[in-house]
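Each chain is listed here by its residues.
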Amino acid sequence: MVGVSMATSTAKLPGFHKAERLKQLPPYLFVEIDKAKRKLQAEGKDVIDLGVGDPDLPTPPHIIERLKAAADNPANHRYSFTEGIKPLREAIARWYDRRFGVALNPDTEVLPLIGSKEGIANFPLAVANPGDAVLVPEPCYPPYRSGTVFAGAEPVDMPLLEDNGFFPDLGDISQKAARRAKAMFLNYPNNPTAAVATAEQFQEAIDMAKTFGFAIAHDAAYTEVAFDGYKPMSFLQLPEGKAVGIEFHSLSKTYNMTGWRIGWACGNAALIGALSQLKTNLDSGIFQPIQEAGIAALEGDQAPMQQTIAVYQERRNLIVDGLAKAGWQVSKPAASLYIWTRVPTQESSIAFAKRLLEQAHVVITPGVGFGPSGEGYVRFSLTVPTDRVQEAVGRLAKAL
Ligand SMILES: *Cc1c(COP(=O)(O)O)cnc(C)c1O
C-alpha cells in the first residue's frame, strides 16, 4: 500500500544475509491489510483503494507533446548531466520567482532530481556521517528515515502532534540530539497529516538550525495542491531560509507526473553542491526529453493544473461532507492530497481500517504505518476517480 510490499518477501538464498542497514528499517505494518485486500479482490469483490497517493488524472497533453517531440531528437538520446540541462534549471528559477518571489541562481542553487524522492533519500548521504543525527518528523513520508539509516546516521524522531498543529515541538528536542544533528527534515503541506505551516513556525526551525549548525531540508511536494484559494508558502521565502536550507520540489503531484520521475532541490548553494557531487557518482541525470517536458509543465498553460486542483477539492468535500452526515466529524484540509483524521471508535487504526475493508471493501491507510504518533488516525487519499470516491463514502457511511 505504500509501495514496499517486496520487503515482506520471505524468499531465502542460502548463505546470503542482507545488509544491516536494511534490517534497521521500520517494519512494514500493512501486511495484513494488503493480504485482506488481495483476498477480496481474488474473490471478485469491488475494492476501492483510498490508500495510495498517486494521481489518477492524466498528464496534461501539452507536456506529453513536448516529450514526444524531444524524443525524436537524437541529441537527446545520450547521457544527460547530473546537474540537468540549463534551460530546465532556468525555468525552475523563473518559476520560483513568479510563484514565491524567491530569486535563485540556476547554476548554483538549483539541482534537478530523478523525482524528489531520489534527492530526499540521498540527501543524508551528502551531509551526515555515521553517528550523526538527523531530525525526522514522525509520522512521515518514509524516505526521510530510510535515507538517514542508509547514511549510517541516526534518525531522531520529532513527533507531529495535533495539539501543536502537527508541527514538531522544537523545544522538546534534546540539546544533545540537536548538537549531533546535521539536518532536519520538514514537510509542509504535510504528508500524511495534511497540516500546513506558518512563517513563524518555519522561523523557529531556522533559529534552531542557526543555533546548532544543522541544515534544514524542506519537502515542498504539495505547495501547489491547495484549496479554497489558499497558497502555501516556500520555506525559502523567509529571509534566512536560503542561509540554512534547501527545499525539495516535485512535478509529480502538481502536473500528474508521478511516473515521469522529475523533481528538484533548490536553495543553499553549499548543500546543493554537496548533493550534486554525491549524485555525480550515483546517476547520470534525467532523460533529456523528460527535462524538456518539465519546462513545458512549468512554463506552459497552467489551466489543466487548476482543473486538477478543483477536482481534488470536490473529492475532499465529498468525503468530509459525506462522513459528517454519517456522524463522523472530519475537518477539511487546506492542502495536500490527503485527509488525516482521528479514528472515530476505540479500535486501533489497523483494526479500524481492516474492519472498513472487510465491511465496506474500502482501503484507507492506518496512521500508525507512518510512525507511532500516527496511531489513532487514518489517512484518506484523494487520488481515485470522483465517482469512486462517492461510492466509497456511501459504503463507509453504511459501515460506520
Ligand atoms: C509524493 C511525495 C513526494 C514526491 O515524490 P516524487 O519522487 O517527486 O514523485 C515527495 N514528498 C512527499 C511527502 C510526497 O508525498
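Placed above this text is the structure.
Anyway, here's the lowdown on the structure attached to this text. Quantities reported herein were computed from a predicted structural model and do not represent experimental measurements. Note on numbering: residues in each chain are counted from 1, in written sequence order. Reporting of local features is limited, given that this is a predicted model, to residues whose pLDDT is at least 70; pairs of side-chain atoms are given and counted only at 80 or more, and all residues count toward the totals for whole chains, interfaces and linings. With hydrogens and water stripped out, all remaining heavy atoms of the structure feed into the side-chain values.

What follows concerns the packing of aromatic side chains. How two aromatic rings sit relative to each other is set out by the distance from centre to centre and by the angle between their planes. Pairing of aromatic rings covers Phe, Tyr and Trp, the last counted by its six-membered ring, and requires centre-to-centre distances within 6.5 Å; plane angles under 30 degrees mean stacked, over 60 mean edge-to-face, and any other angle means tilted. Applying the stated rule across the entire model yields 19 aromatic pairs. Here the aromatic rings of Tyr222 and Tyr338 are separated by 5.6 Å at their centres, their planes lie at 75 degrees, and the arrangement is edge-to-face. Linking Tyr222 in the loop between β6 (215-219) and α9 (241-244) with Tyr338 in strand β9 (residues 338-342), this pair joins segments that are 116 residues apart in sequence. With relative accessibility at 2%, the residue Tyr222 sits in the buried group. For every residue, the accessible area (1.4 Å probe, protein chains only) is compared with the maximum for its type, and the residue is labelled buried under 20%, exposed over 50%, or partly exposed between those bounds. Under the relative-accessibility criterion, Tyr338 is labelled buried at 2%. Each helix corresponds to a stretch of at least 4 residues labelled H or I by DSSP, and each strand to a stretch of at least 2 residues labelled E; elements are numbered beginning at the N terminus.

Residue placement: Ile364 occurs in the loop between β10 (362-363) and β11 (365-366). Each C-alpha atom of the pair Ile364 and Ala353 lies 6.0 Å from the other, and the pair is 11 residues apart in sequence.

A few words on the side chain of Thr148. Locating Thr148 in the fold gives a position in helix α6 (residues 143-150). The exposure class assigned to Thr148 is buried, which follows from its relative accessible area of 0%. In this structure, Thr148 is in contact with Pro124, Val134, Val136, Ala153, Glu154, Pro155 and Phe185, ignoring residues within four places of it in sequence. Whether two residues are in contact is decided by their heavy atoms, any of which lying within 4.5 Å being enough.

We now examine a negative patch on the surface. For patches, a residue must show more than 30% relative accessible area and have no salt bridge; joins then use 9 Å for like charges and 5 Å for nonpolar side chains, namely Val, Leu, Ile, Met, Phe, Trp and Tyr. To measure how exposed things are, a 1.4 Å probe is used in the Shrake-Rupley method; for residues, cover is taken only from the protein chains shown. Each salt bridge in this description consists of a side-chain nitrogen of Lys or Arg and a carboxyl oxygen of Asp or Glu lying within 4 Å of one another. Positive charges come from Lys and Arg alone, negative charges from Asp and Glu alone, with His and the N- and C-terminal ends not counted. Working definition for charges: the position is that of NZ of Lys, CZ of Arg, CG of Asp or CD of Glu. A contiguous patch of negative charge on the surface is contributed by Asp169, Asp172, Glu204 and Asp207. Within the fold, Asp207 resides in helix α8 (residues 199-212). The class of Asp207 is partly exposed, set by a relative accessible area of 36%.

Just geometry here; none of it tells us what the structure is for.
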